[in-house]
Structure formats: C-alpha cells, structure tokens
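# Structure at a glance
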Amino acid sequence: MSKDTATNTTLLRAISLLEEVATAEYSISAADLDKRLDIPKPTIHRLLKQLEEQQLITRDLDGRHLLPGQRLHRMAMGTLANESVKAPRRLLLERLAKETGETCNLTLLDGHELLYYDRVETNWPVRIQLAPGSRLPLHCTSSGKLFLALMPPHRRRALLSSLTLEAHTPYTLTSSSALEEHLVQIARDRLSTDNEEFIQGMVAIAVPIYDQVGHMQATLAIHAPRLRHSIESLLEWAPLMRQIASELEETL
C-alpha cells in the first residue's frame, strides 16, 4: 500500500468514526463502533485516542461511552452559523415570531446544558434578553426538559445524577422523582412547557426538531411574559410550531 493510499484510508476511517459518534442517538462505546464499522479493533482504539486528544470526541460521564467533543461542537456551530445555511432558518423563525408576536428560539443540547443557538426577538418592551450562545439549565426550561424527556433512559439517569436541581423560582422542580414523573408526560406529548420554572413571570413551550433518521437534534421554543400569555394560550400555537419545526429540519 502506498503512503498516499494509507493516509487516505486512515483519514476515511477517522471520518467514519466521527460520523458514527456525531450522529448516534445516544453515546456509544468503542465496542459499538467495532460492531458497526469494518475497521480493525486496534485501529479503532488508536484513532479514537487521537480524536480525543484533538478534542473532536470526548468521554461520557461513565468514561466508556463517546460523545462529540468541544472542537467538533465548534465546527458544527460554525457550519450552522454560515450565512448560506443560516438564511433559510432565520426566515422560518421570523415567520413564527411574526405570527405569534413573541420571541422564538432554537436550542441545542451541549453536554449537561442547554445552548441557545438562534433566536428572533419580539418587539414588546417586556422580554428576556438571552443572546445566542447563552447556556441554561436543563431541568427548569421547556427545551431542556424536552431534551431530557426524549433521550434514552440510561443517558437521562446519568445526566440527572450529575445535575444540581437548583430552585430558580418557587415553581422549579427540585426533586428527581417529581421531575422524572413530569418527563413521562412530556415524552408522551412530545411537547414541553416552562410554567415560570426558570424565570418567575415568564412562560414557554417547546417542540422537538428531528434529523433525517428521526433523532431529536434541536428544539423550537416560544417564550413570553405571564402578563401576555398563559401556558394554555401559548399551546394554541403548538400546531404551527410543529409545522415550522418540520420545515426547520431541512435547514439544520
């Protein structure tokens, strides 16, 4: 085998490993990769070590399972922020914001936090000032709870065991058992709410955005002051939100 051929083979194998880790519905192990890919086991371990050293992948809480690393996150975020990719998504967010008259946002799951990825602000004077890139807790936000509810149970248990369920308002669920019970309903409805749980006086709802193979990849959410909306009135926008979320799947 020539040097160029060997280099190409190594590169393609590394890309295959990255693709499996990045697109997996939940964290996977080296053993899982060995079953899925036609790559020798020693090569898998060698490449994974190199990818981890370059922060392209990282270890899950148990130390065995693999997740996208910070560098891969930055690459993905940079791609999504590219103007040619961003324009169609912004048009959809602006359409929803115009229809509802409230702030609309997209969020991603980043480790144990919720990442505000993109948003279109309302023109109302009363609103939350959260810039793209802001990080929020999972247990008391509509989008965060949706991610928790729709992830595999073992991943959710590991996350909840590592989280501090801080009381941000008197309405925040700070008991793991109460939160788990609430997440069952969210998983059934595939819709989540924040009833003044993160910021007192603010309410929100969120619906999932899926990728091409049906894995949840992001959320679409609307939030508003309690003085303008109740949870019930926000829920009237759920059908439109699901429609927009379906269209957003093509842009992410």
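About the cut-offs
Residues numbered from 1 in each chain as written. Predicted model: local features only at pLDDT ≥ 70, side-chain atom pairs only at ≥ 80, totals over all residues. Heavy atoms only, no water. Helix = DSSP H or I, 4+ residues; strand = E, 2+ residues; numbered from the N terminus. Buried < 20%, exposed > 50% of the residue type's maximum accessible area, 1.4 Å probe, protein only. Contact = heavy atoms within 4.5 Å. Areas by Shrake-Rupley, 256 points an atom, 1.4 Å probe, with all protein chains shown as cover. Salt bridge = Lys/Arg side-chain N within 4 Å of Asp/Glu carboxyl O. Pairing = 2+ DSSP bridges. Axes fitted to C-alpha atoms, helices over the stretch in contact; angles between N-to-C directions. Parallel < 35°, antiparallel > 145°, perpendicular 65-115°, else oblique. Nonpolar A, V, L, I, M, F, W, Y, C, P; charged D, E, K, R; others polar.

Along the protein chain, the regular secondary structure elements total 10 helices and 8 strands. Out of the 252 residues in the protein chain, the part that is buried amounts to 46%. Within the protein chain, residue pairs in contact and separated by at least 24 positions form 57% of the contacts whose partners lie at least 6 positions apart. Accessible surface for the protein chain amounts to roughly 13000 Å². Of this, 52% is attributable to carbon and sulfur atoms.

A word on the pattern of salt bridges. Counting across every chain of the model gives 14 salt bridges. A salt bridge links Arg36 to Glu20; its shortest N-O distance comes to 3.2 Å. A residue pair is termed long-range when its members are at least 10 positions apart, and Arg36 in helix α2 (residues 30–36) and Glu20 in helix α1 (residues 3–23) qualify at 16 residues. Owing to a relative accessible area of 21%, Glu20 belongs among the partly exposed residues under this scheme. Salt-bridge contacts for Glu121 lead to Arg119; the nearest nitrogen and oxygen are separated by 3.0 Å. Residue classification places Glu121 among the partly exposed positions, given a relative accessible area of 27%. Owing to a relative accessible area of 6%, Arg119 belongs among the buried residues under this scheme.

This part takes up the sheet that holds strand β4 (residues 113–120). Hydrogen bonding along the main chain pairs the strands of a sheet, whether they run parallel or antiparallel. Read across the sheet, 6 strands follow the order β5-β4-β3-β8-β7-β6 without closing on themselves; strand pairing throughout is antiparallel. With one partner strand each, in any of the chains shown, β5 (135–136) and β6 (192–195) form the two edges of the open sheet. Taken strand by strand, helix α10 (residues 238–248) contacts β3 (103–110), β7 (202–210) and β8 (216–225), and its axis lies near 40 degrees from that of β7.

The next thing to look at is the side chain of His65. Position of His65 among the secondary structure elements: in the loop between β1 (57–59) and β2 (66–68). Not counting chain neighbours up to four residues away, the residues in contact with His65 comprise Ser27, Ile28, Ser29, Thr58, Arg59 and Asp60.

Further remarks concern the pairing of β8. Counting buried positions over the 10 residues of β8 gives 8, a clear majority of the element. Across 9 bridges, the pairing between β7 and β8 is antiparallel. Bridged to Tyr210 within β8 is Met216.

So, on to the packing of helix α6 (residues 142–150) against helix α8 (residues 176–189). For the pair α6 and α8, the least separation of the axes is 9 Å and the interaxial angle reads 85 degrees. By the angle between their axes, α6 is roughly perpendicular relative to α8. For the pair α6 and α8, the contacting residues are Lys145, Leu146, Leu148, Ala149 and Leu150 in the first and Leu179, His182, Leu183, Ile186 and Ala187 in the second. Here the residues of the contact of α6 with α8 are counted per class, giving 8 nonpolar, 1 polar and 1 charged.

Function cannot be inferred from these measures alone, as they are strictly geometric.
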